[in-house]
Every structure is written in C-alpha cells, then in structure tokens.
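Chain residues, written in single-letter form:
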Amino acid sequence: MSPGATRTTGTTGTTATGWAADGVARRSALRGEVVRELARARTPVDRLRLGATAVAAAGLGAAVLAAASVVGLAAPVSEVVVDDAGTSYLVGSTGGSTGLSPFVDQPGLRQGVVLALALLGLPFVALALQALRTGSLDLDRRAALLVVAGAGPADLRRVAARRSATAFALGGLLAAPVHAVSWVLLSALQPPMERLLPVPQWWLVVVWLALVPALAGVGALLGRRGADVRPDPVGWSRAPARVPPRSLVAGAGAVAAAVTTGTLLWLAAGGGGGTGPDWAVSALLFVVLLALAVCVAGAVARRAARPAGERERARRGRRRPVRRVRGDAAVGLLAAAQRRGDPLAAGTVAGVLVVAGGAVGVAAALAASVLGQGAPYDAAFYVGGAALAARVALAGGLVALLALALSLTDHLLVARRAVAATAALGTEPRRLVAVQARALRATAVPSLALGALVGGLLLGAPLAAGPGQLGAVLVGVVLAAVLVALLAALVCRLLAAALSGRVRAASSLEHLRTP
C-alpha cells in the first residue's frame, strides 16, 4: 500500500496508514505497565525470539569486551642496557602480559586482533536482526489486533521497542559470563604463548555496566524501526519486502573499488610494511571489506526479490518460451521463491559471509606468500597466525549461516499453507528439504567464494615479491576459495537436515485449512 493510501476498518474509523480520523496523528495512549505486559514472551515462538536475540546480543557484547581487553593492554616498557663491551641493547618488557600469544602481546600485531574481533561482531549483528523478525506473522497479527482495539503507531513502536530492548539487555547481562567462559577456554586452559585473551581486569566491569544499557538502547531503536512496517488490520497482509536502492549498491561498490585502488597504489609507493603504520593497513582493509559487504548484500537482496520467471526471461530472452522445470530445476525454482519471501535476510547474511570469506582469503594469501619464500625460519609463526584468523572467520560465517537458517525456520511457519499445498501435489519431503539446502547454498557458497577471492587477491598482489611467490599466492587463494565453498555446501546440507522436522511439520495437510 502506498504511503498516501488509506483503508477503513469498518466502524472503528481507523486507517492502515493514517491511524486516526481527520488525518490527526494519534498519541500513545498505553500506560507503561500495559506496554510491559504486551511485550512479555508468552508463546514458544516468543521465547525462541527472546532467546535467539539474547544469544546474538551476548555474542556481540562478548566481542566488544574482548576487543576492549586487548586494547587496554599495557604498552611495553623498553629500556636500554649497555654490556661490558659498551654495546647498547634495547630490551622490551610487556608490562605484565607475559604468556599471551605474540599476536596479542606485540603492539604491532594487536591491530589485527582488534580488527578480527570487530569483524566477528558482524555475524552476531546479522543474527540479532534476523532473530527480531522471528515469528513475524504472529507479531503482525497482534499489531493488527491492537490497531483494531484503538492503538496508534506510537503504541506499536513502544511495544516493539520494549520487546527488543529487553532481549538486548538480557544479552548484555550475559556478555560478561560469555567473555569469562571465552577467557577460560582460550587462555586459562591454553599453554603459555598460546593464550589469546588477557586476564580480565577490574575496569572491564565498568565497560560491561556501560555496555548493558547501550545494547538495550540499540535494541529499542531496532524495535522501533521494525514497527514502522504497519500491518493491514483487515487481512493482516504484510508490506512488500523493501530492498536496498540501486544507488546504494553502486555507491558501495565504487567506494570498495576506490579504496582498493588507493591502497594498492599506496603500498606500491612504499606505504606499510615497516614504513607506514600497521593500523592504517588494517583500517583500509576493514573499509574495503565493509564496502564490499554492503555492495554484495544489496545486490543479493535485489536479485532475491526478483521473481524467478523474470530472471529466467532475462537469461533466455523475452521471445523464447520458458521451459517447464523438473527435477533439480524445480528445487531451484522453489528455493528462489523461498528466498524471495525474505530478500533482506539473504542479502544481510551474504554481506557478512563476504567479510568472512575475505578474511579467509587474506589469511590464505599471507600463508602462501610466506611459504612461497622457501619456508623461512618464522614460517610457522605466520602460517599459524593465518590459520587462527581463518578459523575465527569461519566461526563468524557459521553464525551468519545460523541466522539464515533461522529465517528459513520463520518462513516455514509463515508459508506453511504453501508448503502443505506443494506436498499435497506430490512433492516428497526429501525434496522439500533439498529446497532448504538449495536456498542456503544459493547465498552461502558464492558469497564465501567471492569474498575469499577478492580478499586474497587484494592482499596477495602486494605481498608477492616475485613470479614464483605470485604463483604461490594465486594457488593458495584459489584453493582457499574452493575449500570454503565446499565447506559451506556441506554446512548448508547439515543445516537443511536439521530443518527436516520443521519441514515435515509445515507440510502437514492440516495446514491447507490455514487462512
């Protein structure tokens, strides 16, 4: 429905967009205790939404606490020592951080750790955004009933803000225990020189106490923004999914290309690698990956929102008839229709997976460039660091895939009548499960492979010093892209198998009577 259109709901005089008679905006009329009662988790879907959002917020908060603990490490204290022969030596002391991994202990390498923790927060953001939309059909119906009962837009925003702020605040409270468990697993149980997190300091409590209301405020803002999509009080029809504009996609792509070109020219002119600050390289790489993620997220969302028949006609030409699809082609058609139900989820997860793939590609380029030098004495140090960065990136990619699987779970609940009709026409349950796997693979595999190629070649080009090393970098990056694509396909298949119970429940013939 267009912004200027209105629809009357009978004798109430309420409109779907005007919300009040004579065009006067209705103020919030619900008291605080009523808003608190309406925002409570009552149903299993509500509890799933609350739990998933809290887990995502806890992961985001734990990443912030870990980054703060690394940033707050004491700077090394250096002193000059003169031996009996009169030779001066510069001796460094780490100021109490002995036992940490060199990637955390050395100030020149900490920027990479902080960058990795910042990128690790992105998958949890995607998971939180998707978790807030869990059970969207039920939320729309409740909002529609409130509209019929006389609630205004401010009331709906207050209820949605209270609901999401509560979940984010709960996640913020859980962030400290999650960080403590992470410290035990990654530091306390690890041998010296392999510990990744510093010992928690007293000032982290202050950061945690400030983080809880900050996360609650972010949740409230996200909830109010989500409440702007107003339901139809008559038919509970949902507004069409909004996709990013083409200008945003083109602008993000232009920024990524410009920063990439500038970074390569700067490195070729002698920047970085000892003459320039390491944090500048990390910051430029972060900007490139973030801009590329926005570009890919918008492009994937726009493509997923297009009807499958339109894509088929564009591929074959308008004059050629579209052939009937069978077998795996039918699975692809159903998967495309499922992705079209929530294109923003596919786009958001694709953007996060591009960043994860880019981190894997950068790690592969670094490891290949070191090994291409003929296995120097410090090869184990750099290759081990690259492997650690790749594992962190893959863990973030797994969180993003869980967010996409959560969106498929919600879609099976919303479209259970369509799923039941498809099953009634003779579609086997295993083929319906294959639809879920295809929908996951269509987003995960190309995003991870593209990110690995772009990230690896971006860093691989300036790292390669000679023809032999350049060949090693190219082989390493391509091999990493192939491996992450295969791993993504395997994980998608496992997630689809985990959704088989939901598929069987949604394909029950009793849902054919669902309005």
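All right, on to the overall build of the chain then. Of the regular secondary structure elements, the chain holds 17 helices and two strands. Expressed as a percentage of contacts within the chain between residues at least 6 apart in sequence, the contacts between residues at least 24 apart total 81%.

Below, the discussion takes up the nonpolar core. Leu353 and Leu401 are the most contacted members of the largest nonpolar core, which totals 48 residues. A total of nine residues in this core trace back to one element, the largest contributor, which is helix H13 (residues 379-414). When near neighbours in sequence (up to four residues on either side) are disregarded, Leu353 contacts Gly397, Ala400, Leu401, Thr443, Ala444, Ser447 and Leu448.

Reading fine detail from the predicted coordinates is not recommended where pLDDT is low. Mean pLDDT over the chain stands at 76; residues scoring 70 or higher make up 75%. Here residues 1-26 is modelled with pLDDT under 50, and outside its nearest four sequence neighbours on either side it reaches 39 contacts, counting other chains as well. Every residue in residues 93-97 scores below 50 in pLDDT, and together they form eight contacts with partners more than four places removed in sequence or on other chains.

This paragraph deals with a nonpolar patch on the surface. Taken together, the side chains of Leu450, Leu453, Val454, Leu457, Leu470, Leu474, Val478, Leu479, Val482, Leu483 and Leu486 define a hydrophobic patch exposed on the protein surface, amounting to about 900 Å² of accessible area. If you list the elements that add at least two residues to the nonpolar patch, you get helix H15 (429-463) and helix H16 (467-498). In terms of residues, the nonpolar patch owes the most to one element, H16, which gives seven residues. Within the secondary structure layout, Leu470 lies in helix H16.

To continue, consider the environment of Gly347. With respect to the helices, strands and loops of the structure, Gly347 is situated in helix H12 (residues 343-371). The buried category is assigned to Gly347, whose relative accessible area is 1%. Residues Gly347 and Ala297 lie 50 residues apart in sequence; the distance between their C-alpha atoms is 4.0 Å. Among all residues touching Gly347, those that are not within four sequence positions of it are Ala297, Val300 and Ala301.

Before going further, it helps to spend a moment on helix H6 (residues 153-188). Here H6 spans 51 Å end to end across 36 residues, near enough to the 52 Å set by a 1.5 Å rise per residue. Along its length, H6 shows its largest kink, about 35°, at Leu174, and proline Pro177 lies within four residues downstream of that point.

Inspection of the secondary structure puts Ser164 in helix H6. For Ser164, the side chain forms a polar contact with the main-chain nitrogen of Gly223, separated by 3.4 Å.

With that out of the way, let us pick up helix H14 (residues 416-424). Taken together, the buried positions of H14 are occupied by Arg416, Val419 and Ala420. When H14 is viewed along its axis, its buried side chains cluster within an angular range of 100° and face the same direction. Positive phi shows up at Gly426, right after H14, with a value of about 110°.

A separate point is the pattern of salt bridges. For the coordinates displayed, the defined rule picks out two salt bridges. As a salt-bridge pair, Glu37 and Arg40 come within 3.1 Å of each other at their nearest N and O atoms. Taking relative accessible area as the criterion, Glu37 reaches 34% and is therefore assigned partly exposed. In this structure Arg40 comes out as partly exposed when scored by relative accessible area, which is 45%. With its nearest N and O atoms 2.9 Å apart, the salt bridge here joins Arg49 to Asp46.

Turning our attention to empty space enclosed by the protein. Counting across every chain of the model gives two cavities of 30 Å³ or more. The volume enclosed by the largest cavity comes to roughly 80 Å³. Around the largest cavity, the lining residues are Gln338, Arg339, Asp342, Ala346, Leu404, Ser407, Leu408, His411 and Ala439. Those elements giving two or more residues to the lining of the largest cavity turn out to be helix H11 (328-341) and H13. The element contributing the most residues to the lining of the largest cavity is H13, with four residues. Along the lines of polarity and charge, the residues of the lining of the largest cavity split into four nonpolar, three polar and two charged. What lines the second largest cavity is Ala126, Leu129, Gln130, Arg133, Leu344, Ala345, Thr348, Val349, Ala403, Leu404 and Ser407. Contributing elements (two or more residues each) for the lining of the second largest cavity: helix H4 (107-132), H12 and H13. Taken together, the residues that form the lining of the second largest cavity break down as seven nonpolar, three polar and one charged.

With respect to the secondary-structure elements, Arg49 resides in helix H2 (residues 44-71). A polar contact of 2.8 Å, which involves the side chain of Arg49, links it to the backbone oxygen of Thr134. Sequence-distant contacts of Arg49, that is, excluding residues within four places in its chain, are made with Ala131, Leu132, Thr134, Gly135, Leu139 and Arg163.

A separate point is the packing of H2 against H6. Helices that pack against each other are described as a pair by the angle of their axes relative to one another and the distance between those axes. Running from N to C, H2 and H6 cross one another at 45°; their axes reach a closest spacing of 6 Å. Judged by the inter-axis angle, H2 sits oblique to H6. The handedness of the crossing between H2 and H6 comes out as right-handed. Across the interface between the two elements, Arg49, Leu50, Thr53, Ala54, Ala57, Ala58, Gly61, Ala62, Leu65, Ala66 and Ser69 of H2 pack against Arg163, Ala167, Phe168, Leu170, Gly171, Leu174, Ala175, Ala176, Val178 and His179 of H6. Looking at the contact of H2 with H6 residue by residue, the classes come out as 14 nonpolar, five polar and two charged.

This next bit is on the environment of Ala330. With respect to the helices and strands, Ala330 occurs in helix H11. As for Ala330 and Val435, which are separated by 105 residues in sequence, their C-alpha atoms are 8.9 Å apart.

Now for the environment of Val354. For Val354, the location among the structural elements is in helix H12. Separated by 91 residues in the primary sequence, Val354 and Val445 place their C-alpha atoms 9.9 Å from one another. With residues up to four places along the chain from it excluded, the contact list for Val354 reads Leu292, Ala293, Val296, Ser447 and Gly451.

So, how was this worked out
- Residues numbered from 1 in each chain as written.
- Predicted model: local features only at pLDDT ≥ 70, side-chain atom pairs only at ≥ 80, totals over all residues.
- Heavy atoms only, no water.
- Helix = DSSP H or I, 4+ residues; strand = E, 2+ residues; numbered from the N terminus.
- Contact = heavy atoms within 4.5 Å.
- Core = buried A, V, L, I, M, F, W, Y, C linked by side-chain atoms within 4.5 Å.
- Buried < 20%, exposed > 50% of the residue type's maximum accessible area, 1.4 Å probe, protein only.
- pLDDT = per-residue confidence, 0-100.
- Patch = residues over 30% accessible without salt bridge, like charges linked within 9 Å, V, L, I, M, F, W, Y side chains within 5 Å.
- Areas by Shrake-Rupley, 256 points an atom, 1.4 Å probe, with all protein chains shown as cover.
- Salt bridge = Lys/Arg side-chain N within 4 Å of Asp/Glu carboxyl O.
- Expected span 1.5 Å × (residues − 1).
- Bend = angle between axes of the 7 residues up to and from the residue.
- Polar contact = N/O pair within 3.5 Å; in protein donor to acceptor, adjacent residues only side chain to side chain.
- Arc of directions from axis to C-beta.
- 1 Å grid on protein atoms, 1.4 Å probe; cavity = no way out; pocket = protein on both sides within 12 Å on 5 of 7 lines; lining within 4 Å.
- Points joined across faces, edges and corners; volume = space filled by probe spheres on them.
- Nonpolar A, V, L, I, M, F, W, Y, C, P; charged D, E, K, R; others polar.
- Axes fitted to C-alpha atoms, helices over the stretch in contact; angles between N-to-C directions.
- Parallel < 35°, antiparallel > 145°, perpendicular 65-115°, else oblique.
- Left-handed = near helix turned anticlockwise from the far one by under 90°.

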